[in-house]
Each structure stands twice: as structure tokens, then as C-alpha cells.
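# Residue-level structure breakdown
Here is what each chain is made of, one letter per residue.
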Amino acid sequence: MTNILTKFSLSLAGAALLAAGAPIVAASMGANPMVGGAAMYPSKDIIDNAVHSKDHTTLVAAVKAAGLVDTLKGPGPFTVFAPTNEAFAKLPAGTVDTLLKPENKAMLTKVLTYHVVPGRLTAKDIAAKAKMGGGKAVLTTVEGERLTAWEKNGAWYLTDAKGGTAKITIANVMQSNGVIHVVDTVLMP
């Protein structure tokens, strides 16, 4: 199986935070973190960067199967919460294969667009929304439903419509048409 989106790390006030004993990688001064062993270039769009991440091959395959390549190459801007291949592997056996079938394109599109929020929301923007929201930032996805972002012990998480939780593992991977935050779990609308 292949995976689709990239890792999320958070930087607040220019300092790297620690989460679960592991440092969270932060983009600073225009430098992007490596994702899936590949350099991510802020001058390239979401698709042009994602195809080089060995951690997002499933995501890229799903984006192609859903016909979303042109959209994610468009001007945006978009905020993408990109699940890794490992995130897709957590789904029940056969789920990815089923979603990739042509007859399930509508469901695949729904799942993928649930990982996209209109606009460019950096980690700092999400943190500011959470502060204004009493500790939680409610984000409306392109799919139309909501995700809730929240922080615990220096790590940032997203809760989906079904109550599932994804951890942001790499944040602020800047793109020419938005930003990617890598997550460790596929979010479900």
C-alpha cells in the first residue's frame, strides 16, 4: 500500500517543541523540513512536492484515483493534513484497495477533501485559532465537515467527525499554493 500526505511539526515563537519525548521539526525562515526523505520546496505546489515523499505514495495514488491532481496543483491556497503510508496502513484491511476502485471515487474524494482546509493555515495560525476558541480550533474542510485542532503536552492533534484522532507529526511544510501538515492517522468524515 502507498500513503498520501506528509508529516506535521510545530514551531511557536521560533522554538521547537517536544512531544512524547521526540522533537517536533519546525520550518523556519523559509526552510522546509524534509518529508519522506525528500526535500520540500516552497516554490513547488502541493502535488509536485508530495510525489517525492516516500512516506506519501498511498496518498499520491489516492489523489490521482480521485482526480484531484489538477485541484491541488491549482492556486489554492490550501492547508493539507497529509496522512502517511503508515496512517493508511492503520485502516481496516482492504479499505485502501476498496477506496481506490473506480466505483468508489465519490467516497475516496470525500475522504481526501476532508483532509483539506481552504486557505493557508500555518501552525501559528492554528494555535491562534485554538487560543481564541478556548483551546480548540474548529476548521471547516473542503469536504464541508469540521475538524478540531487541539494541543496536549506540546503536541498538536486533530479530531475528526467520527471522534478519531490524528497527531500532527511535521508542521509548516510550505508550498507555493498552501501548506502541508503531516498526520499519523487518516481522518474520517
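For the structure, check the block above.
Summarised in this report is the structure supplied together with it.

Conventions used here
- Residues numbered from 1 in each chain as written.
- Predicted model: local features only at pLDDT ≥ 70, side-chain atom pairs only at ≥ 80, totals over all residues.
- Heavy atoms only, no water.
- Helix = DSSP H or I, 4+ residues; strand = E, 2+ residues; numbered from the N terminus.
- Pairing = 2+ DSSP bridges.
- Axes fitted to C-alpha atoms, helices over the stretch in contact; angles between N-to-C directions.
- Contact = heavy atoms within 4.5 Å.
- Salt bridge = Lys/Arg side-chain N within 4 Å of Asp/Glu carboxyl O.
- Buried < 20%, exposed > 50% of the residue type's maximum accessible area, 1.4 Å probe, protein only.

## So, the environment of E86
Position of E86 relative to the elements: it lies in helix α4 (residues 85-89). With 100 residues separating them along the chain, E86 and V186 place their C-alpha atoms 9.3 Å apart.

## Brief notes about the environment of H115
Along the chain, H115 turns up in the loop between α6 (105-113) and β6 (116-118). For the pair H115 and M188, spaced 73 residues apart in sequence, the C-alpha to C-alpha distance is 8.6 Å.

## Concerning the sheet that holds β6
If you walk across this open sheet you meet the 7 strands as β6-β5-β11-β10-β9-β8-β7, and the pairing is mixed. In this open sheet, the two strands that pair with only one neighbour each are β6 and β7 (136-140). For this sheet, the mean inter-axis angle between neighbouring strands, taken without regard to orientation, is 30°. Pairing analysis gives 5 bridges linking strand β8 (residues 146-152) to strand β9 (residues 155-159), with the strands arranged antiparallel. Considered in β9, the bridge of E151 is made with W156.

## Here's the deal with the environment of L121
Looking at where L121 falls in the secondary structure, it is placed in the loop between β6 and α7 (123-132). Taking the C-alpha atoms as reference points, L121 and G178, 57 residues apart in sequence, are found 7.9 Å from one another. Excluding residues within four positions of it along the chain, L121 makes contact with T79, I126, K129, L139, V179 and H181.

## So, the pattern of salt bridges
Inspection of the entire model under this criterion finds 3 salt bridges. Linking K73 and D45 is a salt bridge whose minimum nitrogen-to-oxygen distance equals 2.9 Å. Here the residue K73 occupies a position in helix α3 (residues 69-73), and D45 occupies one in the loop between β4 (22-23) and α1 (46-50), the gap between them amounting to 28 residues. Look at K73 and you get partly exposed, because its relative accessible area is 34%. Ionic pairing is found between E143 and K110, a salt bridge with its closest N-O pair at 3.7 Å. Of this pair, E143 sits in the loop between β7 and β8 while K110 sits in helix α6, placing them 33 residues apart in sequence.

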